[in-house]
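Working through the structure, step by step
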Protein chains: 2
Amino acid sequence: MNEESTLKLNGKLWIELDGVKLIGPGRVELLERIQLCNSIRQAALQMKMSYRQAWQLVDQMNANLRSPVVLLHRGGKGGGHAELTDYGLEVIEKFNLFFEKFHSFIAENTPLIDL
Amino acid sequence: MNEESTLKLNGKLWIELDGVKLIGPGRVELLERIQLCNSIRQAALQMKMSYRQAWQLVDQMNANLRSPVVLLHRGGKGGGHAELTDYGLEVIEKFNLFFEKFHSFIAENTPLIDL
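Parameters and conventions
Residues numbered from 1 in each chain as written. Chains lettered and ligands numbered in written order. Predicted model: local features only at pLDDT ≥ 70, side-chain atom pairs only at ≥ 80, totals over all residues. Heavy atoms only, no water. Helix = DSSP H or I, 4+ residues; strand = E, 2+ residues; numbered from the N terminus. Rg over C-alpha atoms; globule rule 2.2 N^0.38 Å. Buried < 20%, exposed > 50% of the residue type's maximum accessible area, 1.4 Å probe, protein only. Contact = heavy atoms within 4.5 Å. Areas by Shrake-Rupley, 256 points an atom, 1.4 Å probe, with all protein chains shown as cover. Lys, Arg positive; Asp, Glu negative; His and termini not counted. Charge placed at Lys NZ, Arg CZ, Asp CG, Glu CD.

**Looking at the overall build of chain A**
Within chain A one finds 4 helices and 4 strands. Secondary structure elements of chain A, listed N to C terminal, follow the sequence β-β-α-α-α-β-β-α. For 115 residues, the compact-globule formula gives about 13 Å, and the C-alpha radius of gyration of chain A, at 18 Å, lies well above that figure. Principal axes of the C-alpha set define a box for chain A whose edges measure 60 × 30 × 20 Å. When burial is assessed residue by residue, chain A has 40% of its 115 residues classed as buried. Contacts in chain A between residues far apart in sequence, at least 24 positions, make up 50% of those at least 6 positions apart. A total of about 6,600 Å² of accessible surface is found on chain A, and carbon and sulfur atoms cover 49% of it. Looking at chain A, you have 13 positive and 14 negative side-chain charges, and the mean spots of the two groups are 11 Å apart.

So yeah, pure geometry; function would need other evidence.
Have a look at this one:
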């Protein structure tokens, strides 16, 4: 083993419904970007994701959570826009809280590897 | 959302070296099975994995950790056998400890989802 290399703990965290991943860091980033630019298309572009894929992720959350996370306002100037609901903001906040706790878990346990 | 469905936290945990995953639940299960049957081939079969794949996973751990996890004794009756080193046993024990803590993290935080 390289002298400068050290073993690190790492992992992934998500929220699932009936065994299907529903909320993870990628989806939360998508929601955050939709919140910032009020556009699924722009958020998808920023994440190098197709519009179709971004729309499907949003639609999956809207359909499976107890309340929609994004409202779509079609038509009007600029061709409609997307808006986070209060519940969507709560989803972001709650997931980021778990994600921070998970990062703390990783950071606290990595020094204990000692292998 | 289905009345009987509930959101659950879930995730993955692994130990990596220079950003490359080196020890995870699958590899630890492989080591545990090698320990039980003293054979990489048998362990691979049990895990529905090719011998080549199992050998590569073992070889990657042997080559990158500070000490080998499995010793291969070639030839002899039955065509040689594989044996966990003390260090290999320590790797299993340590990872399982982290994995238990991670499961506790998931179990403690799941009731807090409340979304």
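Now, onward.
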